[in-house]
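Single-letter residue listing:
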Amino acid sequence: MTQADRAQVIAILARQAVMDPARISAHMTPADLGLDSLGLVEVMFALEETFDISVPFNANRPEDSGFDISSVGAILAAVDALIAKRP
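Residues numbered from 1 in each chain as written. Predicted model: local features only at pLDDT ≥ 70, side-chain atom pairs only at ≥ 80, totals over all residues. Heavy atoms only, no water.

Moving on: the overall build of the protein chain. Along the backbone of the protein chain there are 4 helices and 0 strands. The secondary structure elements of the protein chain, listed N-terminal to C-terminal, are α-α-α-α. Against the compact-globule benchmark of 12 Å for 87 residues, the protein chain has a radius of gyration of 12 Å, which places it among compact chains. Counting only C-alpha atoms and orienting by the principal axes, one finds that the protein chain spans roughly 35 × 30 × 20 Å. Counting the 87 residues in the protein chain, one finds 40% classified as buried. (Helix = DSSP H or I, 4+ residues; strand = E, 2+ residues; numbered from the N terminus. Rg over C-alpha atoms; globule rule 2.2 N^0.38 Å. Buried < 20%, exposed > 50% of the residue type's maximum accessible area, 1.4 Å probe, protein only.)

Structural data, given as structure tokens:
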């Protein structure tokens, strides 16, 4: 993942969390960011639009989605993997 892509993912999370991107670190969880299920859905839509990817996320059963949202670092890794799979 490029530094620019990483910054965009962090910016998307920060926008939904209404916090300064500089305060977000890789170990933080969505709960640490104050993101509820609706906020996570908004993040997923923004990631799809920004990176032209399809995020396999089910808000009703996020643990079964195939998209790890356990931490900011996991989200970065999952987005990176989806970007790498783009045609």
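So, on to the side chain of Ser-71. Structurally, the position occupied by Ser-71 is in the loop between helix 3 (37–51) and helix 4 (72–84). Of the residues examined, Ser-71 reaches a relative accessible area of 14% and is grouped as buried. At 3.0 Å, the side chain of Ser-71 forms a polar contact with the backbone nitrogen of Ala-74. When neighbours within four sequence positions are excluded, Ser-71 is seen to be in contact with Ala-26, His-27, Met-28, Thr-29 and Pro-30. (Polar contact = N/O pair within 3.5 Å; in protein donor to acceptor, adjacent residues only side chain to side chain. Contact = heavy atoms within 4.5 Å.)

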